[in-house]
Amino acid sequence: MTPAADARTPRPSQPDAPEVDVVEWRVHLARRQPGKAALVVVLALASAVLCYTLFRNLLFAAFTLTALVGATAEFLFPIRYRLDAEAAEMRNLHNWRRISWAEVRKAYLLEDGIKLSPLAVATRLEAFRGVFLRFGEGESSREALRAHVRRFRDAVRSDAD
């Protein structure tokens, strides 16, 4: 997380409501690996051209290109993350995932982020459930994200008691 992206910004509030911390940051994986990004774009375009060459149908070629860009959207396009007192969410071009802190049963610390899971026990469904929060740039973002997740989770637990 860059200093600007890691800054806590207060959410607009009603006059009597207390200020609520909101943590937002952005991760752009293609910018971190421009060589791979160029390869993905070239392969997607080449596949669309090949599809058009074989079938002489512009619709098939457009579908091929759309499917490949959609499948690689998390890599190609920026991902926006947001943590607030209610939930954690991630958004990119066509994907939006949100999990409320009350639904989080486990939080896994992984090499490149933190997985918030609604499942108490890991199953084959784990990959399709919950929200994966990627670390921003730098080692400080790793510790900052861990602290924010811990703080928001603890706040929900203390409210439930």
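Residues numbered from 1 in each chain as written. Predicted model: local features only at pLDDT ≥ 70, side-chain atom pairs only at ≥ 80, totals over all residues. Heavy atoms only, no water.

**Some words on the nonpolar core**
Okay, so step 1: Trp25, Leu83, Trp101, Leu116, Leu133, Leu145 and Val149 are the most contacted members of the largest nonpolar core, which has 24 residues in total.
Okay, so step 2: For this core, the secondary-structure elements that each account for two or more residues are strand S2 (21-27), helix H2 (29-32), helix H5 (73-76), strand S3 (79-83), strand S4 (87-91), strand S7 (113-117), strand S8 (131-134) and helix H6 (139-160).
Okay, so step 3: Aside from chain neighbours lying at most four places away, what touches tryptophan 101 is Leu83, Asp84, Ala85, Glu86, Ala87, Ala88, Leu116, Val149, Phe152, Arg153 and Val156. (Core = buried A, V, L, I, M, F, W, Y, C linked by side-chain atoms within 4.5 Å. Buried < 20%, exposed > 50% of the residue type's maximum accessible area, 1.4 Å probe, protein only. Helix = DSSP H or I, 4+ residues; strand = E, 2+ residues; numbered from the N terminus. Contact = heavy atoms within 4.5 Å.)

**Thoughts on the pairing of S4**
Okay, so step 1: Most of S4 sits out of view: 4 of its 5 residues are buried.
Okay, so step 2: Direction of pairing for S3 relative to S4: antiparallel, over a ladder of 4 bridges. Note on S4: the bridge partner recorded for arginine 80 is arginine 91.
Okay, so step 3: Where S3 folds back on S4, the antiparallel hairpin that results is connected by 3 residues. (Pairing = 2+ DSSP bridges.)

**Regarding the environment of glycine 136**
Okay, so step 1: As for its position among the elements, glycine 136 is in the loop between S8 and H6.
Okay, so step 2: Along the sequence, glycine 136 and glycine 113 sit 23 residues apart, while their C-alpha atoms lie 8.8 Å from each other.

**Overview of helix H4 (residues 58-71)**
Given 3.6 residues per helical turn, the α-helix brings residues three or four places apart onto the same face.
Okay, so step 1: Here H4 is 14 residues long and its end C-alpha atoms lie 20 Å apart, about the 20 Å a rise of 1.5 Å per residue gives.
Okay, so step 2: N-cap assignment for H4: the residue whose side-chain oxygen lies 2.8 Å from the backbone N of leucine 59 is asparagine 57. (Expected span 1.5 Å × (residues − 1). Polar contact = N/O pair within 3.5 Å; in protein donor to acceptor, adjacent residues only side chain to side chain.)

**Regarding the packing of aromatic side chains**
Okay, so step 1: On inspection of all chains with the given rule, the structure shows 3 aromatic pairs.
Okay, so step 2: Each ring, one from tryptophan 25 and one from tyrosine 81, has its centre 5.0 Å from the other, and the planes form 20°; the classification is stacked. In this pair, tryptophan 25 sits in strand S2 while tyrosine 81 sits in strand S3, placing the two residues 56 residues apart along the sequence. The pair tryptophan 25 / tyrosine 81 is uniform in exposure class, with both members buried.
Okay, so step 3: A centroid spacing of 5.6 Å and a plane angle of 90° characterise the contact between phenylalanine 55 and phenylalanine 60, whose relative ring orientation is edge-to-face.
Okay, so step 4: Take phenylalanine 60: its relative accessible area is 41%, and that puts it in the partly exposed class.
Okay, so step 5: Above the plane of the ring of phenylalanine 152 lies arginine 151, whose end atom (NZ or CZ) is 4.5 Å from the centre. (Phe/Tyr/Trp six-rings, centres within 6.5 Å; stacked < 30°, edge-to-face > 60°. Lys NZ or Arg CZ within 6 Å of the ring centre and 35° of its normal.)

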